[in-house]
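The residues making up each chain are set out below.
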Amino acid sequence: MKPSTNIKSPGFWRLGEPFVWLTGAAMALVLILAGGMLVVVAGNGLGVFWPARLEQFEMKDKTVLLGAVTQRSAVRNGVAHSRLQVKVGNRDLSGADFRWIDADAVARTSAPPDALLVERREFGDFHGFLVRSATAGGVDGLRADWLRVRAEFAGVAELGKAVSKINDRMEGIRRDLLRLRYRNAPESGSAIRGCLARQAELKVEFDRLVAGQTRSLEGLRRHTATFRDAAGREKEIPLTDIVRFCQPNILGVGGKAGWYLEKVWELFFAEPREANTEGGLFPAIMGTVMMVFLMSLFSFPLGVVTAVYLREYARDGWLVRVVRIAVNNLAGIPSIVYGIFGLGFFIYGVGSGLDRLFFPERLPTPTFGTGGILWASLTLALLTVPVVIVATEEALGAIPAGVRHASLALGATKLQTLLRVLLPMASPGIMTGFILAMARAAGEVAPLMITGVVKLAPAMPLDGNFPFFHVDRKFMHLGFHIYDIGFQSPNVEAAKPMVYVTTLLLLFIVLLMSSSAILLRNRMKKRYTLGSF
Amino acid sequence: MTPRVFQRNRRWDRLARWLISVGGVGVIGCVAVMLLLIVWMALPLFGKPHATEVVPAFTAPAGTPILAVGLDDNAEVGFTLGGDGFFQFLELRTGAVTARVPASPRAGKPGVKLTGVSAGRHLEYALAWDDGSWSLVRIAFRSSFETGRRQILHQVEILAEMPAAVTMPAGGAGQMRAGEKGGAVLVWLDPSGATFQVRRSVVKTDLLGNEETAMATYEIPVPAGSVTAFTVDLAGSTLYAGTADARLLRWNLGDDRAELLEQVRAFEDGRRITALGLVFGDVSLAVGDDRGGVSTWMPVALYGEGSSRRMELIHTLAAHASPVVEFPFVQSGKQLLSRSAAGLVRLDHMTSERKLLTLQGSQSLDAINISNRGDHLLALDRNGLLHLWDLDAPHAEISWKVLFGKVWYENYDRPALVWQSSAANDDAEPKFSFVPLIFGSLKATFYALFFAVPLALMGAIYTSQFTTPEVRGVVKPAVEIMAAVPSVVIGFLAALWLAPRVETAITGVFLFALILPVAFLLTLALWMAIRNTRLAKRVGRGFEFLPLIPVLILAGAAALALGPAVEKLLFAGDFKLWLFHTAGLRYDQRNSLIIAFALGFAVVPVIFTMAEDALSNVPNNLKAASLALGASRWQTVWRVILPSASPGVFAAVIIGFGRAVGETMIVLMATGNTPILDASPFNGMRTLSANIAVEIPEAPAGGTLFRLLFLSAVLLFLLTSVLNTAAELIRHRLRKKYGQF
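Values in this document were obtained by computation on a predicted structure and should not be read as measured data.

1. Overview of the overall build of chain B
Okay, step 1: For chain B, the helix and strand inventory stands at 15 helices and 30 strands.
Okay, step 2: Taken over C-alpha atoms, the radius of gyration comes to 37 Å for chain B, far larger than the 27 Å a tight globule of 741 residues would show.
Okay, step 3: Overall size of chain B, expressed as C-alpha extent along the three principal axes, is 120 × 95 × 55 Å.
Okay, step 4: Buried positions account for 54% of the 741 residues belonging to chain B.
Okay, step 5: Summarising the internal contacts of chain B: among those between residues at least 6 apart in sequence, 57% fall at separations of at least 24.
Okay, step 6: In the form shown here, chain B has an accessible surface area of approximately 32,100 Å², with 59% of it arising from carbon and sulfur atoms.

Here it is, written out as structure tokens:
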């Protein structure tokens, strides 16, 4: 066929094919957006822990910088103009972690093989060269020294745990005393005297331990190594301050992978450092998990019961319509309104009431009358109920009526039918709802911000002290972590890698949960549509 | 099975039915409790103020005529100032006199009397002695726990003394203000009302630390009319006067002369000005007239920045029935206390123009004093009885007009709609207009929907009608997973990743909007040329989006690559500068374009999924019939499927609207949160939802701001609830129509 007849073909435009293409373009754009977001998060998040090459820039003005290139910009004010953003580290020496340099101003670039990347407990990374350590033998000697100090340091950390345990016990006694005095127990009575005696005992023990800890720390801090930065300034760093170090320019792929895995391990299981911009996410991960768990306890039963009511018990009528409208409203109310409701109802209403009833001796310091994991979970439970309802209803609705009739015809009561036949059959669908609700709760931030999330929780909701699960405690949360370090951190540029990593982690968790839920649901749909009765 | 088992089963069944029904209907309860609670928390904003007499009126300490009364912050200790120059302190709950303290060493001397007292700042009194000298004294209260029980201690502090001057005869009205280091200024009105006398004492310290007091006296002639009321601001630098022919005059009081700043005719209907007073903050002047009218005035630059300021009528408050006599000083907020000739006392709020309380004693009230926090008022009536009121006027600054109307705030040149909940100093006027916030919410929603609705609806049409079931089986879950992306992630990426990149490549973004249609048309033309080849046939129907994905990505890349060149060509290399110079618009990094994109991203999956459901729920036989009649697939969709599904599609848009209005984290992170009234796409906004998140941590529980935030939550609740209910009703109708669940 000749192409010319095709172009003149009257059908294409008149039949509206271009519009079909237009809609196709819209769908393509939606897919690109979704994919693009994943690429951005993964691209920025995955590479954070990979030790970057340290490049030495000898500038034309004779200054020397040692750092890793983090960003390149080609254009500024419409003029081609190449600039590099370099992470130079050494915040304590130069004041800023990051520097923008003009590519034109660089005289020579090299990658010195002996450049060291030292991760420190304070002031961020150090980039430079080893001058001397206690043991001769260069970097290997330093490593041997450092490993020895680290092992001793771990012992001191154990001491720290003992100190905090005593601290907890003293806090308990302080509360006992408060309660006793509130109840007007006689000051000279055995109860109060006993408390005071134990308090004094613990204080002695506490002071002894703290003194010992300080002494050993001082001793350990005497082990130092001297480094020099690219400009030649020397810096003495106590070995206890060094978290880890490597020579990225001569490190092999295996070594880099080891470094990477170590950092990932730290991310999952360590406490945050340096105003949350370094270290791990353990408390935030735990906080999120605890909160979601607690929320599930409240949200799931209510959601399933409502769905069962709507699908199995209620007769069609105005009441059902009102319930449906209520469910839809619940699903559509902005999350911040849930938050402010949680603040007004749970915290100031229920929480303050509990305080007045059970903890009057601690007032005006609130126990339940302030944000905490319990109130945050209850607020989110309300927010996620509609998700459970919708999924459960769908699952129950997919069960053919014949199944119910068969069960009832065999003499089972409605409850028996429900418990033994319908719910087991609907369980994959209900699970879907549960998972979706948990995913929603894990990603929600706005209501948590006003019902109990904090940037740095002093203690976790779950610990070894009675009653083990402290529902009145404030907690940390991955989503809030993103907001906090991305937007309220004093050093946004230095915090960015951590934000990307947190984002990647949160997105991974949420997407994993919701995609498995959606897959589960789709599979279940197929099961019933194929095997219809 | 035994009957016992059956019975037990039935019992359980009944119990379960009951429990499940309660649980199911409980959802209505949840929604109702939520609404009721947030309304309940917001309701006190509109509560009626009320005043209760704490103790029955009791007789004031006997003796000389009482010129002034006062009380401490807790309304436990009060005092009276007698004509003999002695303060008598008394316990307000019992009326017992506890101490008698001279106002000045002068007071004890025989024959010395006070001829007049004028109140200045809170518990500060200018005393005119009959020998022509003046004292400025202040009563200071403080709590002491020395005896184990709280005690209120009092002290009379002399702030300044002004010795008698020959030029200033005794009598007449005067006002005195403290200056630095014991200096003072005294403004005294001649009984004729035609001239003011000003005496200013300035204490100077020389290099050796010796203090020296310099005294300057000067006269201010009144240009026209006779002065019937005057007041001096707390700093003693501005003198306001009102005349019998309703003129308002304003002088700047210098060290040795006064400068007349302006005189305006306040009323044209023959009123006399009978009282002047300054509202706390010394910006607004309260004017009372002989017909009982109360209004506030302030100098404004009517013709913009830098033009001369002129007194303008700002607020007119409810009128008294008789002439206004005085405006006692109030230190709490922008409240205004006024006393009429009939002895009635009224409390109003200036900003909200609300009439709060009217107080009257058994006889006309003569001397009144309001406590520091504005919660108690002590008054002396003509029968010599002291009344102590507990004033409860919370949230007086709130009225519907303040929330939704234009209000002329202090230091503003015209009435405005402003949200500014906190200020650096105590005497600032809080500005609580919801309008910028509602506007911000609608602006964000509008821009987001502008981006999301076409995209989501067209995508839904394609997915449900044109593509193959296999593709649909992938795209739909993908979009649902997109819906699960936490908003904090979207907000973070929008603010910290996208916004800086869009800022540098803004021309490329606009270029993309131009290049995209061109690229699309080119692709169509190309497709027409090859559509009958084997390769094209293999791509086939239902996979049109596949070749479009690279086209879109290439178009985007091309736009970004060409952006700098175009920017250089059209905007002299800097679009932001060009925008500012040409259109006068400022470019903020976190602007509405970013919001359109980010919020759109959050809303697209919501609209997409629901619209797709509505479209694919249209019975297949309709589609089959249309196609059988020879309609093309687009014609079928446009004329048959879309009209049938339109209510559902509409419901999807409504739900998307609701989601966008209420979204918090994205707007909190990516808008900049400035409450401005500006529709420009190049700047941000503050939405109702983000406002709650921003302000609630700083709002003290039970305070005005706290309750206002609950009120804005009520607004959000009602808005989304109306939208969702409407959408649910529409979908219900649709379900009935097509007989599907």
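Still more ground to cover, so stick around.
2. Thoughts on the overall build of chain A
Okay, step 1: Counting its secondary structure elements, chain A contains 16 helices and twelve strands.
Okay, step 2: Taking 533 residues into account, the globule formula puts the C-alpha radius of gyration at 24 Å, and chain A, at 31 Å, lies well above it.
Okay, step 3: Considered along the principal axes of its C-alpha atoms, chain A spans approximately 105 × 85 × 40 Å.
Okay, step 4: The proportion of buried residues among the 533 residues of chain A is 50%.
Okay, step 5: Taking as baseline every contact in chain A between residues at least 6 positions apart, the subset at least 24 positions apart corresponds to 67%.
Okay, step 6: Here chain A has roughly 24,700 Å² of accessible surface; of this, 62% comes from carbon and sulfur atoms.
Okay, step 7: In chain A, 60 positive and 44 negative side-chain charges are present, and the distance between their average locations comes to 8 Å.

3. Considering the packing of aromatic side chains
To describe a pair of aromatic rings, you give the distance between the ring centres and the angle between the ring planes.
Okay, step 1: The tally for this structure, following the rule as stated, stands at 51 aromatic pairs over all chains.
Okay, step 2: On the basis of an interplanar angle of 50° and a centroid distance of 5.0 Å, the ring pair of A:Trp21 and B:Trp527 is categorised as tilted. Linking A:Trp21 in helix α3 (residues 17–46) with B:Trp527 in helix α6 (residues 506–530), this pair reaches from one chain into another.
Okay, step 3: The class of A:Trp21 is buried, set by a relative accessible area of 1%.
Okay, step 4: Taking 3.7 Å as the distance between ring centres and 0° as the angle between the ring planes, the aromatic pair formed by A:Phe300 and A:Phe434 counts as stacked. Of this pair, A:Phe300 sits in helix α8 (residues 282–313) while A:Phe434 sits in helix α13 (residues 414–443), placing them 134 residues apart in sequence.
Okay, step 5: With a relative accessible area of 12%, A:Phe300 lands in the buried category.
Okay, step 6: By relative accessible area, A:Phe434 is classed as buried at 17%.

4. Quick notes on the domain arrangement of chain B
Okay, step 1: Here chain B is described as being made up of domain 1 (51–164 + 364–392), domain 2 (183–359 + 398–403) and domain 3 (435–531 + 542–738).
Okay, step 2: Measuring from the centre of the C-alpha atoms in domain 2 of chain B to the corresponding centre in domain 3 of chain B gives 55 Å.

5. Description of the side chain of B:Ser712
Okay, step 1: Here B:Ser712 shows up in helix α15 (residues 704–738).
Okay, step 2: B:Ser712 has contacts with B:Phe434, B:Leu688 and B:Ile692, leaving out every residue within four places of it along the chain.

6. Here we look at the sheet that holds strand β9 (residues 151–162) of chain B
Residue and element names in this part refer to chain B.
Okay, step 1: What the four strands build is an open sheet, ordered β6-β7-β8-β9; its pairing is antiparallel. Two strands close off the open sheet at either side, each with one partner strand: β6 (114–119) and β9. Neighbour-to-neighbour, the strand axes of this sheet turn through a mean angle of 25°, independent of strand direction.
Okay, step 2: The pairing of β6 with strand β7 (residues 124–129) spans five bridges and is antiparallel. Note that in β7 the partner of Gly116 across the bridge is Ala128.

7. Focus: the sheet that holds strand β23 (residues 335–340) of chain B
Residue and element names in this part refer to chain B.
Okay, step 1: Reading across the sheet, the four strands line up as β22-β23-β24-β25 and stay open at both edges, with antiparallel pairing between neighbours. Strands with a single pairing partner mark the edges of an open sheet, and in this sheet they are β22 (324–326) and β25 (354–359). Neighbour-to-neighbour, the strand axes of the sheet open up by a mean angle of 35°, direction not taken into account.

8. Some remarks on the interface of chain A and chain B
Okay, step 1: The interface is formed by 98 residues belonging to chain A together with 101 residues belonging to chain B.
Okay, step 2: Surface buried jointly by chain A and chain B totals about 9,000 Å² across both partners, of which 80% is contributed by carbon and sulfur atoms.
Okay, step 3: Linking chain A with chain B are one salt bridge.
Okay, step 4: Taken together, chain A and chain B are joined by seven residue pairs in polar contact (both at pLDDT 80 or more).

9. Here we look at a positive patch on the surface
Okay, step 1: Taken together, B:Arg4, B:Arg8, B:Arg10, B:Arg11 and B:Arg14 make up a surface patch of like positive charges.
Okay, step 2: You can see B:Arg14 is positioned in helix α1 (residues 3–42).

10. Remarks on the side chain of A:Thr240
Okay, step 1: Relative to the elements of secondary structure, A:Thr240 occurs in the loop between β9 (234–238) and β10 (242–246).
Okay, step 2: Residue contacts for A:Thr240: discarding those within four places in its chain leaves A:Arg121, A:Val149, A:Phe153, A:Leu220 and A:Arg221.

11. A closer look at the environment of B:Leu380
Residue and element names in this part refer to chain B.
Okay, step 1: Tracing the backbone through its elements, the reader meets Leu380 in strand β27 (residues 376–381).
Okay, step 2: Residues Leu380 and Thr80, 300 residues apart in the sequence, show an inter-C-alpha distance of 9.3 Å.
Okay, step 3: Aside from chain neighbours lying at most four places away, what touches Leu380 is Ala60, Ile66, Val69, Ser364, Leu365, Asp366, Ala367, Leu385 and Leu386.

12. So, the pairing of β7(B)
All names here are of chain B.
Okay, step 1: Of all six residues in β7, six are buried; the element is thus mostly enclosed.
Okay, step 2: Side-chain alternation along β7 places Glu124, Ala126 and Ala128 on one buried face and Tyr125, Leu127 and Trp129 on a second face that is also buried.
Okay, step 3: In textbook terms, the turn of a hairpin is the stretch between consecutive antiparallel strands, and for β6 and β7 this stretch comprises four residues, one of which, Leu123, has a positive phi near 60°.
Okay, step 4: Alignment of β7 against strand β8 (residues 134–144), held across five bridges, turns out to be antiparallel. Residue pairing for β8: Ala126 is matched across the bridge by Leu136.
Okay, step 5: The hairpin formed by β7 and β8 contains four residues between the paired strands, and Gly132 there has a positive phi angle of roughly 90°.

13. Things to note about unusual backbone geometry
Residues apart from glycine generally show negative phi values, whereas peptide bonds are mostly found in trans.
Okay, step 1: One non-glycine residue, A:Lys62, lies in positive phi territory at about 75°.
Okay, step 2: Position of A:Lys62 among the secondary structure elements: in the loop between β1 (55–59) and β2 (64–76).
Okay, step 3: Located in the positive-phi region is B:Glu353, a residue other than glycine, with phi close to 55°.
Okay, step 4: Tracing the backbone shows B:Glu353 in the loop between β24 (345–349) and β25.

14. A short note on the domain arrangement of chain A
Okay, step 1: Looking at chain A, the domain boundaries give domain 1 (55–128), domain 2 (135–222) and domain 3 (282–532).
Okay, step 2: For domain 1 of chain A versus domain 2 of chain A, the separation of C-alpha centres amounts to 43 Å.

15. Considerations on a nonpolar patch on the surface
All names here are of chain B.
Okay, step 1: On the surface, Trp12, Leu15, Trp18, Leu19 and Val22 cluster together to form a nonpolar patch covering roughly 560 Å² of accessible area.
Okay, step 2: Relative to the assigned elements, Leu19 resides in helix α1.
Okay, step 3: Relative accessible area serves as the criterion here: at 47%, Leu19 is assigned to the partly exposed category.

16. Side note on the packing of α8(A) against α13(A)
Residues and elements named next belong to chain A.
Okay, step 1: At a minimum axis separation of 9 Å, α8 and α13 run at an interaxial angle of 140°. Taken together, α8 and α13 sit at an angle that is classed as oblique. Regarding α8 and α13, the two cross each other, and that crossing is right-handed. Facing α8, whose interface residues are Thr288, Met291, Val292, Met295, Ser296, Phe300, Val304, Val308, Glu312 and Tyr313, α13 presents Lys414, Leu415, Leu418, Leu422, Leu423, Ile430, Phe434, Ala437, Met438, Ala441 and Ala442.

17. Here we look at helix α14 (residues 688–695) of chain B
Three- or four-residue spacings in an α-helix give side chains the same orientation, since the helix completes a turn every 3.6 residues.
Okay, step 1: With seven of eight residues buried, α14(B) lies mostly within the body of the structure.
Okay, step 2: Taken together, the buried positions of α14(B) are B:Leu688, B:Ser689, B:Ala690, B:Asn691, B:Ile692, B:Ala693 and B:Glu695.

18. A short note on the pairing of strand β8 (residues 224–228) of chain A
Residues and elements named next belong to chain A.
Okay, step 1: Two elements, strand β7 (residues 125–133) and β8, share four bridges in a ladder whose sense is antiparallel. Following the sheet pairing, Leu130 is matched in β8 by Phe227.
Okay, step 2: By the bridge criterion, five bridges tie β8 to β9 in an arrangement that is antiparallel. In the strand pairing of β9, Ala225 is matched with Ile237.
Okay, step 3: Between β8 and β9, which pair antiparallel in sequence order, lie five residues; one of them, Gly232, sits at a positive phi of approximately 100°.

19. Structural notes on the environment of B:Ala693
Okay, step 1: Along the chain, B:Ala693 turns up in helix α14.
Okay, step 2: When the C-alpha positions of B:Ala693 and B:Met665 are compared, they lie 8.6 Å apart, and in sequence the two are 28 residues distant.
Okay, step 3: Residue contacts for B:Ala693: discarding those within four places in its chain leaves A:Ile336, A:Met449, B:Thr664 and B:Leu668.

Rules used in this analysis
Residues numbered from 1 in each chain as written. Chains lettered and ligands numbered in written order. Predicted model: local features only at pLDDT ≥ 70, side-chain atom pairs only at ≥ 80, totals over all residues. Heavy atoms only, no water. Helix = DSSP H or I, 4+ residues; strand = E, 2+ residues; numbered from the N terminus. Rg over C-alpha atoms; globule rule 2.2 N^0.38 Å. Buried < 20%, exposed > 50% of the residue type's maximum accessible area, 1.4 Å probe, protein only. Contact = heavy atoms within 4.5 Å. Areas by Shrake-Rupley, 256 points an atom, 1.4 Å probe, with all protein chains shown as cover. Lys, Arg positive; Asp, Glu negative; His and termini not counted. Charge placed at Lys NZ, Arg CZ, Asp CG, Glu CD. Phe/Tyr/Trp six-rings, centres within 6.5 Å; stacked < 30°, edge-to-face > 60°. Domains from an automatic or database assignment. Pairing = 2+ DSSP bridges. Axes fitted to C-alpha atoms, helices over the stretch in contact; angles between N-to-C directions. Buried area = accessible area lost by both parts, 1.4 Å probe. Salt bridge = Lys/Arg side-chain N within 4 Å of Asp/Glu carboxyl O. Polar contact = N/O pair within 3.5 Å; in protein donor to acceptor, adjacent residues only side chain to side chain. Patch = residues over 30% accessible without salt bridge, like charges linked within 9 Å, V, L, I, M, F, W, Y side chains within 5 Å. Parallel < 35°, antiparallel > 145°, perpendicular 65-115°, else oblique. Left-handed = near helix turned anticlockwise from the far one by under 90°.

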